[in-house]
Amino acid sequence: MPAKGVLVAVTADVVIAGGGVIGTAIAWRAAAAGLDVVLADPAHGDAASLVAAGMLAPVSEALFGEGALLRVNLLALARFPSFAAELEQVTGHRVGLRREGTLAVAYDAGDYAALTRLTAFRRSAGLEAEELDSRACRKLESFLTPDVHGGVLFPGDWSVDNRRYVAALREAAASAGVRVVRDRVTAVLTAGGADGADGAGGADARVRGVALAEGGEIGSGRVVVAAGSWSGAVRGLPAGLRSAVRPVKGQLLRLRHPDGMPPVLTHTIRATVRGADVYLVPRADGEVIVGATQEERGPDLTVTAGAVHDLLHDAMSVLPVTSELILAETCAGLRPGTPDNGPIVGEAGPGAPGGLLLATGHYRNGILMSAATADASVACLTGRAPAPEWEPFGPGRFLTGEGAR
Ligand SMILES: Cc1cc2nc3c(=O)[nH]c(=O)nc-3n(C[C@H](O)[C@H](O)[C@H](O)COP(=O)(O)OP(=O)(O)OC[C@H]3O[C@@H](n4cnc5c(N)ncnc54)[C@H](O)[C@@H]3O)c2cc1C
């Protein structure tokens, strides 16, 4: 029962806490599957989803020791085109999907050797890679610096205009009947256990809705926590899950071509300059994204002069013509990081209240994983099993104490 004096103004089949790319993609698909969905989010302004570079890059993101993450990223990439095509069809808006691939370039023999080792690993995982000498790199991208020693083309990486994509998701969700409540979820409420307490009640507890910052409640038997870097602030999650997500700050620049200037870039470029990774991502509308810093600074969203300087310096080292582009925007966002760099998707599991789902911790790949996360979450919400690639990424791996599996 709701606490005395609290109004349960809204009820739904499912409440989603968080309206970034993840929560909105789930909301759209859940409503399309026939569920009555309420999405709660105080504002969309700080979402990492609007800051991101929009790379769909399972190949150039594949690192030693992250095989399970690679498999789920590849599942996500395979799902993306049909998901985006349906989104474009439903809304009538293009989302800027590009399939030219990533060109990773190296400046010297040492960098090139490191890139070659990574390429051998990626090939051993069945990924496509084409090694190129300096001349071949510059044939692909004529504005690249002549200092490039060589590179590797990864044709399996794509990109999307994440701002257009998120805007289209919001429109699709609204037309599928998703109701939006402009408020922050403070706690998951349970019946049969202690509401809002750490550890979230006993084994018999079930979700009965959420509490809102402005005082109301939304009644629902299923709650999805999709609040990105802020997920751990929602009370009522088991302690292990509350501490599993941390913010990893990223600063990024948006550049624009001056009127009349032809595009300076076709592929996404990645490089290491003075030990720091930099990427440049072209958009169909003439934007070039330059990113990104990777900083452990808690929930800090300031843009610093040093980061802007370093990103511009590194971008100009790779592509000197960058200096002629217009600096249109500087921004910072918080990637929802986890201890093993993997997302947290699925039923919260034993020791957590029944009906509680998580869809968070997508770290550097939330745009890429959004469509596949929506599929997995809707599978859970409708009593089906998610694809097997999700098995290593359930919330259970972070449950401790009585909830541990
Ligand atoms: C610089 C940078 C570059 C990136 N580049 C890429 C890339 O190229 N490709 C890629 O795939 N990913 C990239 N990412 C990662 C990607 O942006 C994230 O993984 C993704 O946006 C996470 O989405 P989300 O919906 O979980 O979180 P967010 O987008 O952060 O959204 C969370 C939402 O939850 C809301 N919220 C917070 N607390 C509450 C609450 N208590 N109740 C209700 N709502 C709440 C917030 O208002 C927000 O709208 C990048 C990230 C950064 C910062």
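Note that the structure is a prediction, hence the values are computed from the model and not measured.

Visitor: Outline the overall build of the chain, supporting the account with residue identities and numerical values.
Guide: The number of helices and strands found in the chain is eight helices and 20 strands. Its C-alpha atoms give the chain a radius of gyration of 22 Å, near enough to 22 Å, the size a compact globule of 405 residues would have. Judged by the C-alpha coordinates and their principal axes, the chain covers about 70 × 45 × 40 Å. Put simply, of all contacts in the chain between residues at least 6 apart along the chain, 75% involve residues at least 24 apart. As displayed, the chain offers around 16,100 Å² of accessible surface, 54% of which is attributable to carbon and sulfur atoms. On the chain, the mean spot of the 37 positive side-chain charges and the mean spot of the 43 negative ones are 2 Å from each other.

Visitor: An account of helix H7 (residues 305–318) is requested, with residue identities and associated values reported.
Guide: The end-to-end C-alpha distance of H7, which contains 14 residues, comes to 20 Å, matching closely the 20 Å that a straight helix rising 1.5 Å per residue would cover. Buried residues of H7: Ala307, Val308, Leu311, Leu312, Asp314, Ala315 and Val318, and no others. One face of H7 carries all of its buried residues, which in axial projection span an arc of 165 degrees. Close packing links the buried residues of H7 with strand E5 (102–106), strand E14 (246–256), strand E15 (268–273), strand E16 (276–282), strand E17 (287–291) and strand E18 (326–337).

Visitor: How would you summarise the site of the ligand if you had to cite specific residues and measurements?
Guide: Taken together, 36 residues surround the ligand, and among them Asp41, Ser49, Met55, Val185 and Tyr363 come closest. Val21 is positioned with one of its backbone polar atoms (N or O) 3.2 Å from an oxygen atom of the ligand. Isolated, the ligand exposes 1,000 Å² of accessible area, and the fraction of that covered by the protein chains is 97%. Put simply, the parts of the chain that give the shell around the ligand at least two residues each are helix H1 (21–32), E14, E18 and helix H8 (366–381).

Visitor: Explain empty space enclosed by the protein residue by residue, including any values.
Guide: The full count for this structure, using the stated rule, is two cavities of 30 Å³ or more. Size it by volume and the largest cavity reaches roughly 90 Å³. Lining the largest cavity we find 13 residues, and of these Glu61, Glu66, Leu69, Asn73 and Asn365 sit closest to its centre. Top element by residues in the lining of the largest cavity is helix H2 (residues 67–91). It accounts for three residues.

Visitor: How would you sum up the layout of surface pockets? Please name residues and give values.
Guide: Unoccupied space between atoms shows up once a probe the size of one water molecule is rolled over them. The volume enclosed by the second largest pocket comes to roughly 220 Å³. Along the wall of the second largest pocket there are twelve residues; nearest its centre are Val345, Pro386, Trp390, Glu391 and Gly394. Classifying every residue of the lining of the second largest pocket gives seven nonpolar, two polar and three charged.

Visitor: Mind laying out the pairing of strand E20 (residues 356–360), listing which residues take part and the relevant values?
Guide: Every regular strand shows the same layout, with side chains that alternate between the two sheet faces. The buried count for E20 comes to five of five residues, which makes it a mostly enclosed element. Here E20 shows two buried faces, one formed by Leu356, Leu358 and Thr360 and the other by Leu357 and Ala359. Judged from the three bridges that link them, strand E13 (residues 223–225) and E20 form a sheet pairing that is parallel. Paired with Val223 across the strands is Leu356, a residue of E20. Bridge count between strand E19 (residues 344–347) and E20: four bridges; the pairing is antiparallel.

Visitor: Outline the nonpolar core, listing residues and values.
Guide: Ile16, Val37, Tyr165 and Val224 are the most contacted members of the largest nonpolar core, which has 50 residues in total. Residue assignment for this core shows that the elements contributing at least two residues are strand E2 (14–17), H1, strand E3 (37–40), H2, helix H5 (162–175), E20 and H8. It is H8 that provides the largest number of residues to this core, a total of ten residues. The next biggest cluster of nonpolar side chains, apart from the first, holds 27 residues, and it includes Val264, Leu265, Val290 and Val308.

Visitor: Quick one: what's the story with H8, residue by residue and with numbers?
Guide: Where H8 bends most, the angle comes to about 35 degrees, and this point is Ala372. Of all 16 residues in H8, 15 are buried; the element is thus mostly enclosed. Directly after H8, the chain includes Gly383, whose backbone phi takes a positive value near 80 degrees.

Visitor: So what's going on with the environment of Leu237? Residues and values would help.
Guide: Here Leu237 is to be found in the loop between E13 and helix H6 (239–242). Judged by its relative accessible area of 1%, Leu237 is buried. Between the C-alpha atom of Leu237 and that of Asp157, which follows or precedes it by 80 residues, the distance is 35 Å.

Visitor: Residue-level account of the packing of H1 against H5, with values.
Guide: It is at 9 Å that the axes of H1 and H5 come closest, and there the two elements cross at 35 degrees. When you trace H1 past H5, the crossing you get is left-handed. Of the residues in H5, those touching H1 at Val21, Thr24, Ala25 and Trp28 are Tyr165, Val166, Leu169, Arg170, Ala172 and Ala173. A breakdown of the residues in the contact of H1 with H5 according to their chemical character gives eight nonpolar, one polar and one charged.

Visitor: Would you mind going over the packing of H2 against H5 in detail, with residue names and values included?
Guide: Interaxial distance between H2 and H5 falls to 9 Å at its minimum, and their mutual angle equals 60 degrees. Both H2 and H5 take part in a crossing whose hand is left-handed. Residues Phe80, Phe83, Leu87, Val90 and Thr91 of H2 lie in contact with H5, whose contacting residues are Tyr165, Ala168, Leu169, Glu171, Ala172 and Ser175. Across the contact of H2 with H5, the residue classes break down as eight nonpolar, two polar and one charged.

The rules behind the values
- Residues numbered from 1 in each chain as written.
- Predicted model: local features only at pLDDT ≥ 70, side-chain atom pairs only at ≥ 80, totals over all residues.
- Heavy atoms only, no water.
- Helix = DSSP H or I, 4+ residues; strand = E, 2+ residues; numbered from the N terminus.
- Rg over C-alpha atoms; globule rule 2.2 N^0.38 Å.
- Contact = heavy atoms within 4.5 Å.
- Areas by Shrake-Rupley, 256 points an atom, 1.4 Å probe, with all protein chains shown as cover.
- Lys, Arg positive; Asp, Glu negative; His and termini not counted.
- Charge placed at Lys NZ, Arg CZ, Asp CG, Glu CD.
- Expected span 1.5 Å × (residues − 1).
- Buried < 20%, exposed > 50% of the residue type's maximum accessible area, 1.4 Å probe, protein only.
- Arc of directions from axis to C-beta.
- Near = heavy atom within 4 Å.
- Polar contact = N/O pair within 3.5 Å; in protein donor to acceptor, adjacent residues only side chain to side chain.
- 1 Å grid on protein atoms, 1.4 Å probe; cavity = no way out; pocket = protein on both sides within 12 Å on 5 of 7 lines; lining within 4 Å.
- Points joined across faces, edges and corners; volume = space filled by probe spheres on them.
- Nonpolar A, V, L, I, M, F, W, Y, C, P; charged D, E, K, R; others polar.
- Pairing = 2+ DSSP bridges.
- Core = buried A, V, L, I, M, F, W, Y, C linked by side-chain atoms within 4.5 Å.
- Bend = angle between axes of the 7 residues up to and from the residue.
- Axes fitted to C-alpha atoms, helices over the stretch in contact; angles between N-to-C directions.
- Left-handed = near helix turned anticlockwise from the far one by under 90°.

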